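Fold and geometry: a report
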Amino acid sequence: MTSRKKDQSAIQLELNSQEDWDDALAKKGLLVVDVYQQWAGPCLAMQSNLKKIKIELRDELLHFAVANADKIDALKKYRGKCEPTWLFFGSGHLIGVIKGANAQLLQKQIVEKLQAEHSVLKGETERVVICDPAMSVETDKEQEQTAKEEEEKEVDEEENEIVEGMNEIRRRSRAKISQFSEEDLQIGMMSQLTLPRPVTVAIIKPDVVGDGMAYDIIREIQNSGFEIVQQENRKLCQEEVEKLYGSCLTTETFEELLTFMTSKECHLLLLAKEENVISEWIGKMGPEKVNLAKETAPDSLRAQYGTDDIRNAVHGSADEHAVLREVSLLFPTFLNQQELAKDSSKEPTQDERQMPSEGITTEPYEGDGGGRKGSTDSI
């Protein structure tokens, strides 16, 4: 029993107080923390794996620790949870979270994040820091309550104006799309509407976001030369999913796809690149079927992060028509930039000069903006 305890302590630092926690975060390099509660204890099943990783890597910048959430104020929000939680810190900054006891995923993340930390410390790349809501510490409940009330007051004052403005932008953009029939879309008549620059739509799916790995994919996107033009973290509604995957509506798996895509938040991105942004992103994602991706494109995102053909990590626009449709659906403000530019530079006609300046009204949009007939939506 004594030797087992000694062996564990040699592999993992034991953090039993806020002071221990602060000292551990001050360490340079990658710190991997197993957060546990007193009644459950650390994840013993992983200790042999951690020992093996430590021996194989022999890296002085790699540190392991077990942290008692019941005794550390900074981990207060983790109390009362039975699921194993692993936190990754790069020189004191939170850079990753894994929920559950997945040995293969844990080892993969340790190796990748250790390499990334070396790169950061050498000044070659920037560290991607994430925010875990469960890490917030309540230091003064009264002050926190006051701040919350002030925030709610500001939201009440601004919410109606913001929502009204965004709805107007979305209505104008989608109304433009609705002017074209399904046949027009199919033969390319959408050329009358142009984007301000070549882009494609990317979606990091809910399971990847929920597992805390969205930032790993974002880093890979940036390292592959893509520019993130716009991005947003939010849940998709049923209508949006139906329009994104219009060609899948009649398939047997669509209900499962719909439930999955609306279950939690997705990370939406608008990507640009110097050349061939659509095909480059499709190549980066890999084949839609995860098993095929692992066989033919093991370095692709779907091979690395996908689990099955629905939960295949990422979505991307299939072609130029899909890009325009998905941009109008998810990033209408980007599409509207072109219209605003045209409106500001266009000379008024003789009829327009004679019109009274009473403003312009826009009729509510009633079309569905659905996908092209026969289009192939990337799942």
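An unreviewed UniProt entry lists the protein chain under the name Thioredoxin domain-containing protein 6-like isoform X4, from Limulus polyphemus. UniProt lists a comment for the protein chain under the heading Sequence similarities (unreviewed entry), and it reads "Belongs to the NDK family."

The next point concerns the overall build of the protein chain. Per the secondary structure count, the protein chain includes 16 helices and nine strands. Contacts spanning at least 24 positions in sequence make up 76% of the contacts within the protein chain whose residues lie at least 6 apart. On the protein chain, roughly 21,300 Å² of surface is accessible, and the fraction owed to carbon and sulfur atoms is 48%.

Before going further, it helps to spend a moment on the sheet that holds strand E6 (residues 200-204). Here we have four strands laid out as an open sheet, ordered E7-E8-E6-E9, and antiparallel in their pairing. The sheet is open, and its two edges are formed by strand E7 (227-235) and strand E9 (314-316), each paired on a single side. Ignoring strand direction, the axes of neighbouring strands in this sheet form an average angle of 20°. Pairing geometry for E6 and strand E8 (residues 265-272), over five bridges, is antiparallel. When the bridges of E8 are listed, Val-201 appears paired with Leu-270. Its contacts with the sheet put helix H14 (residues 320-330) on E6, E7, E8 and E9, and the angle it makes with E6 is roughly 60°.

Let's shift gears to a positive patch on the surface. Residues Lys-76, Lys-77, Lys-81, Lys-99 and Lys-264 make up a contiguous surface patch of positive charge. Within the element layout of this structure, Lys-99 appears in strand E5 (residues 93-99).

Attention now moves to the sheet that holds strand E2 (residues 30-36). In spatial order, the strands read E1-E3-E2-E4-E5; together these five strands make up an open sheet with mixed pairing. The two strands at the open ends of the sheet, each matched to only one other strand, are strand E1 (12-15) and E5. Across this sheet, the average inter-strand angle for adjacent strands is 25°, counted without regard to direction. Taken together, the four bridges between E1 and strand E3 (residues 62-68) define a ladder with parallel strand orientation. By the bridge assignment for E3, Leu-13 is matched with Ala-65. The strands that helix H2 (residues 18-25) touches are E1, E2, E3 and strand E4 (85-90); relative to E1, the one it contacts most, it runs at about 145°. Helix H3 (residues 47-57) rests against E1, E3 and E4 of the sheet, and its axis sits at about 155° to E3.

With that settled, consider the packing of aromatic side chains. Per the stated rule, a full pass over the model turns up two aromatic pairs. When the centroid spacing of 5.5 Å and the interplanar angle of 85° are considered together, the rings of Trp-21 and Phe-89 count as edge-to-face. You can see Trp-21 sitting in helix H2 and its partner Phe-89 sitting in strand E4, a full 68 residues away along the chain. Take Trp-21 and Phe-89: they sit in the same class, and that class is buried. The ring of Phe-260 has Arg-311 lying over it, and the distance from NZ or CZ to the ring centre is 5.1 Å.

Now for the pairing of E2. Among the seven residues of E2, seven are classified as buried, and the element is accordingly described as predominantly covered. Covered by surrounding structure in E2 are Leu-30, Val-32, Asp-34 and Tyr-36 together with Leu-31, Val-33 and Val-35, the residues of both alternating faces. Relative to E3, E2 runs parallel, the two sharing seven bridges. Opposite Val-33, over in E3, you have Ala-65 as the bridge partner. Here E2 pairs with E4 via six bridges, running antiparallel. Directly across from Val-32, in E4, lies its bridge partner Phe-88.

About the cut-offs
Residues numbered from 1 in each chain as written. Predicted model: local features only at pLDDT ≥ 70, side-chain atom pairs only at ≥ 80, totals over all residues. Heavy atoms only, no water. UniProt positions renumbered as here; feature names shortened; annotations may be inferred. Helix = DSSP H or I, 4+ residues; strand = E, 2+ residues; numbered from the N terminus. Contact = heavy atoms within 4.5 Å. Areas by Shrake-Rupley, 256 points an atom, 1.4 Å probe, with all protein chains shown as cover. Pairing = 2+ DSSP bridges. Axes fitted to C-alpha atoms, helices over the stretch in contact; angles between N-to-C directions. Patch = residues over 30% accessible without salt bridge, like charges linked within 9 Å, V, L, I, M, F, W, Y side chains within 5 Å. Salt bridge = Lys/Arg side-chain N within 4 Å of Asp/Glu carboxyl O. Lys, Arg positive; Asp, Glu negative; His and termini not counted. Charge placed at Lys NZ, Arg CZ, Asp CG, Glu CD. Phe/Tyr/Trp six-rings, centres within 6.5 Å; stacked < 30°, edge-to-face > 60°. Buried < 20%, exposed > 50% of the residue type's maximum accessible area, 1.4 Å probe, protein only. Lys NZ or Arg CZ within 6 Å of the ring centre and 35° of its normal.

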